[in-house]
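# Structure at a glance
Here are the chains, one letter per residue:
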Amino acid sequence: MMFKALFILILLFSFNGVKAQTAELELTMHFAGVDDGLITGQRRTFELTVTNHGPDDANPTGDDFFFVASSNIPSNDIWIPDIVFELDIENSPAECVLSIFFGDPLPGQNPNYGFAFLLIQLEAGESITCRGFYTPYFTEGERTVTWQMINNLAVDPDLSNNEVTVTFGLRPVSVPINSIWALSCLIILLLISVQVKRFR
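Definitions and limits used
Residues numbered from 1 in each chain as written. Predicted model: local features only at pLDDT ≥ 70, side-chain atom pairs only at ≥ 80, totals over all residues. Heavy atoms only, no water. Pairing = 2+ DSSP bridges. Helix = DSSP H or I, 4+ residues; strand = E, 2+ residues; numbered from the N terminus. Axes fitted to C-alpha atoms, helices over the stretch in contact; angles between N-to-C directions. Salt bridge = Lys/Arg side-chain N within 4 Å of Asp/Glu carboxyl O. Buried < 20%, exposed > 50% of the residue type's maximum accessible area, 1.4 Å probe, protein only.

Let's shift gears to the sheet that holds strand E2 (residues 44–55). Taking strand neighbours across the sheet as the criterion, the 4 strands line up as E1-E2-E7-E4 in an open arrangement whose pairing is antiparallel. Of all strands in the sheet, those bounded by a partner on one side alone are strand E1 (23–31) and strand E4 (83–87). Strand-to-strand twist across the sheet, computed as the mean angle between neighbouring axes with direction ignored, equals 25°. As paired strands, E1 and E2 are joined by 8 bridges and run antiparallel to one another. If you follow Met29 over to E2, its bridge partner there is Leu48.

This is the structure we're talking about:
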(Lines give C-alpha, C1' and ligand atoms only; values in the text may rest on other atoms or scores of the structure.)
Protein backbone atom coordinates (compact mmCIF):
# COMPACT_ATOMS: atom_id res chain seq x y z
CA MET A 1 0.00 0.00 0.00
CA MET A 2 2.81 2.38 0.90
CA PHE A 3 4.64 1.65 -2.38
CA LYS A 4 1.43 2.25 -4.35
CA ALA A 5 0.95 5.64 -2.68
CA LEU A 6 4.59 6.51 -3.36
CA PHE A 7 4.22 5.52 -7.02
CA ILE A 8 1.12 7.74 -7.37
CA LEU A 9 2.99 10.63 -5.75
CA ILE A 10 5.90 10.22 -8.17
CA LEU A 11 3.45 10.24 -11.10
CA LEU A 12 1.83 13.43 -9.84
CA PHE A 13 5.18 15.17 -9.58
CA SER A 14 6.14 13.94 -13.03
CA PHE A 15 2.97 15.10 -14.78
CA ASN A 16 2.80 18.45 -12.97
CA GLY A 17 6.45 19.22 -13.46
CA VAL A 18 6.92 19.79 -9.73
CA LYS A 19 10.40 19.43 -8.34
CA ALA A 20 11.16 19.39 -4.62
CA GLN A 21 13.19 22.45 -3.65
CA THR A 22 16.11 22.32 -1.22
CA ALA A 23 16.75 25.39 0.94
CA GLU A 24 19.08 25.35 3.93
CA LEU A 25 17.45 27.92 6.21
CA GLU A 26 19.03 29.37 9.35
CA LEU A 27 17.21 31.21 12.15
CA THR A 28 18.99 33.62 14.48
CA MET A 29 17.42 35.86 17.14
CA HIS A 30 18.84 38.51 19.43
CA PHE A 31 17.01 39.99 22.43
CA ALA A 32 18.61 43.10 23.93
CA GLY A 33 19.13 42.97 27.69
CA VAL A 34 18.04 39.38 28.15
CA ASP A 35 21.43 38.34 29.55
CA ASP A 36 21.45 41.16 32.12
CA GLY A 37 17.99 40.50 33.51
CA LEU A 38 14.77 42.28 32.66
CA ILE A 39 12.49 44.73 34.45
CA THR A 40 8.75 44.11 34.43
CA GLY A 41 7.05 46.50 32.02
CA GLN A 42 10.30 47.73 30.44
CA ARG A 43 10.34 47.60 26.63
CA ARG A 44 13.41 46.13 24.91
CA THR A 45 14.39 45.55 21.28
CA PHE A 46 14.88 42.31 19.37
CA GLU A 47 15.98 41.13 15.93
CA LEU A 48 14.92 38.01 14.04
CA THR A 49 16.91 36.99 10.97
CA VAL A 50 16.27 34.14 8.55
CA THR A 51 18.99 33.31 6.02
CA ASN A 52 18.60 31.03 3.02
CA HIS A 53 21.90 29.30 2.28
CA GLY A 54 20.41 27.66 -0.81
CA PRO A 55 20.76 26.06 -3.19
CA ASP A 56 17.10 26.80 -4.03
CA ASP A 57 14.61 29.50 -3.09
CA ALA A 58 12.32 29.00 -0.11
CA ASN A 59 8.67 29.04 -1.20
CA PRO A 60 9.56 29.03 -4.91
CA THR A 61 5.98 29.89 -5.97
CA GLY A 62 5.97 33.11 -3.96
CA ASP A 63 2.28 32.64 -3.17
CA ASP A 64 2.66 31.35 0.38
CA PHE A 65 4.30 32.35 3.61
CA PHE A 66 6.67 30.44 5.75
CA PHE A 67 6.82 31.45 9.38
CA VAL A 68 8.64 31.49 12.71
CA ALA A 69 6.32 30.57 15.59
CA SER A 70 6.76 30.76 19.36
CA SER A 71 5.92 28.13 21.93
CA ASN A 72 3.02 28.79 24.31
CA ILE A 73 3.34 31.89 26.48
CA PRO A 74 1.18 32.01 29.64
CA SER A 75 -0.82 35.07 30.65
CA ASN A 76 -1.67 36.85 33.88
CA ASP A 77 -5.02 37.24 35.62
CA ILE A 78 -6.14 40.00 33.25
CA TRP A 79 -5.16 37.88 30.23
CA ILE A 80 -2.08 39.89 29.25
CA PRO A 81 0.69 37.61 27.88
CA ASP A 82 3.67 37.30 30.22
CA ILE A 83 5.79 38.58 27.32
CA VAL A 84 4.41 40.75 24.52
CA PHE A 85 6.18 40.99 21.14
CA GLU A 86 5.53 43.69 18.56
CA LEU A 87 7.07 44.76 15.26
CA ASP A 88 8.79 48.07 14.63
CA ILE A 89 6.81 50.22 12.17
CA GLU A 90 10.02 50.55 10.14
CA ASN A 91 9.66 46.93 8.97
CA SER A 92 8.31 46.42 5.49
CA PRO A 93 4.87 44.78 5.69
CA ALA A 94 5.80 43.00 2.48
CA GLU A 95 8.57 41.16 4.35
CA CYS A 96 7.52 40.81 8.00
CA VAL A 97 4.05 40.28 9.44
CA LEU A 98 3.40 39.48 13.11
CA SER A 99 0.36 37.48 14.17
CA ILE A 100 -0.85 36.72 17.69
CA PHE A 101 -3.10 33.81 18.59
CA PHE A 102 -4.42 32.17 21.75
CA GLY A 103 -6.33 29.08 22.76
CA ASP A 104 -9.56 28.83 24.70
CA PRO A 105 -8.61 28.64 28.40
CA LEU A 106 -9.73 25.78 30.57
CA PRO A 107 -12.21 26.68 33.35
CA GLY A 108 -10.41 28.63 36.05
CA GLN A 109 -7.24 29.07 33.98
CA ASN A 110 -5.74 31.89 31.92
CA PRO A 111 -5.20 31.47 28.17
CA ASN A 112 -1.87 30.68 26.55
CA TYR A 113 -0.68 32.94 23.75
CA GLY A 114 1.52 32.42 20.73
CA PHE A 115 3.28 34.75 18.30
CA ALA A 116 4.20 34.01 14.68
CA PHE A 117 6.28 35.98 12.20
CA LEU A 118 5.07 35.42 8.65
CA LEU A 119 7.82 35.78 6.05
CA ILE A 120 7.71 36.07 2.27
CA GLN A 121 9.62 34.13 -0.36
CA LEU A 122 13.32 34.08 0.41
CA GLU A 123 15.69 33.60 -2.48
CA ALA A 124 18.87 31.57 -2.18
CA GLY A 125 21.69 33.62 -0.69
CA GLU A 126 19.31 36.23 0.77
CA SER A 127 18.27 37.14 4.34
CA ILE A 128 15.23 38.71 5.94
CA THR A 129 15.54 40.62 9.23
CA CYS A 130 12.51 41.61 11.30
CA ARG A 131 13.05 44.15 14.09
CA GLY A 132 10.73 44.85 16.96
CA PHE A 133 10.16 45.19 20.68
CA TYR A 134 9.34 42.87 23.55
CA THR A 135 7.98 43.69 27.00
CA PRO A 136 7.92 41.31 29.98
CA TYR A 137 4.81 41.54 32.16
CA PHE A 138 5.46 38.68 34.58
CA THR A 139 6.64 39.62 38.07
CA GLU A 140 8.54 36.55 39.26
CA GLY A 141 10.46 33.54 38.00
CA GLU A 142 11.51 32.94 34.41
CA ARG A 143 9.79 32.34 31.10
CA THR A 144 11.36 30.13 28.43
CA VAL A 145 10.21 30.60 24.86
CA THR A 146 11.19 28.40 21.92
CA TRP A 147 10.97 29.83 18.41
CA GLN A 148 10.72 27.39 15.52
CA MET A 149 10.89 28.01 11.80
CA ILE A 150 8.31 26.13 9.73
CA ASN A 151 8.58 25.91 5.96
CA ASN A 152 6.54 23.25 4.17
CA LEU A 153 7.45 24.17 0.61
CA ALA A 154 11.17 23.41 0.61
CA VAL A 155 13.30 20.61 2.01
CA ASP A 156 15.75 21.86 4.64
CA PRO A 157 18.73 19.47 4.89
CA ASP A 158 19.78 20.82 8.32
CA LEU A 159 17.06 21.39 10.90
CA SER A 160 19.47 22.00 13.79
CA ASN A 161 19.54 25.76 13.09
CA ASN A 162 15.77 26.17 12.68
CA GLU A 163 15.06 26.65 16.38
CA VAL A 164 16.04 29.19 19.03
CA THR A 165 15.26 28.87 22.75
CA VAL A 166 15.45 31.98 24.94
CA THR A 167 15.02 32.23 28.72
CA PHE A 168 13.65 35.56 29.95
CA GLY A 169 14.47 36.28 33.58
CA LEU A 170 13.94 39.32 35.78
CA ARG A 171 16.75 41.42 37.20
CA PRO A 172 17.31 40.85 40.94
CA VAL A 173 15.93 43.70 43.02
CA SER A 174 18.80 45.36 44.89
CA VAL A 175 18.34 46.77 48.37
CA PRO A 176 19.50 50.41 48.59
CA ILE A 177 22.46 51.10 50.88
CA ASN A 178 20.45 53.43 53.11
CA SER A 179 17.90 50.65 53.63
CA ILE A 180 20.68 48.27 54.70
CA TRP A 181 21.99 50.81 57.23
CA ALA A 182 18.49 51.44 58.54
CA LEU A 183 17.93 47.71 58.95
CA SER A 184 21.27 47.31 60.74
CA CYS A 185 20.46 50.16 63.14
CA LEU A 186 17.05 48.65 63.85
CA ILE A 187 18.61 45.27 64.68
CA ILE A 188 21.16 46.94 67.00
CA LEU A 189 18.40 48.87 68.78
CA LEU A 190 16.41 45.66 69.24
CA LEU A 191 19.44 43.89 70.70
CA ILE A 192 20.11 46.80 73.09
CA SER A 193 16.46 46.78 74.14
CA VAL A 194 16.59 43.06 74.88
CA GLN A 195 19.77 43.45 76.94
CA VAL A 196 18.30 46.33 78.94
CA LYS A 197 15.22 44.27 79.79
CA ARG A 198 17.39 41.36 80.93
CA PHE A 199 19.31 43.53 83.42
CA ARG A 200 16.23 45.12 84.99
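Let's pick the thread back up.
A full pass over the atoms with the stated rule returns 3 salt bridges. For the salt bridge of Glu86 with Arg43, the shortest nitrogen-to-oxygen distance reads 3.1 Å. Of this pair, Glu86 sits in strand E4 while Arg43 sits in the loop between E1 and E2, and the two are 43 residues apart along the sequence. In this structure Glu86 comes out as partly exposed when scored by relative accessible area, which is 28%. Asp82 is the partner of Arg143 in a salt bridge, and the nearest nitrogen-oxygen pair spans 2.7 Å. Of this pair, Arg143 sits in strand E8 (residues 142–150) while Asp82 is found in the loop between strand E3 (66–70) and E4, placing the two residues 61 residues apart along the sequence. Residue classification places Asp82 among the buried residues on the basis of a relative accessible area of 5%.

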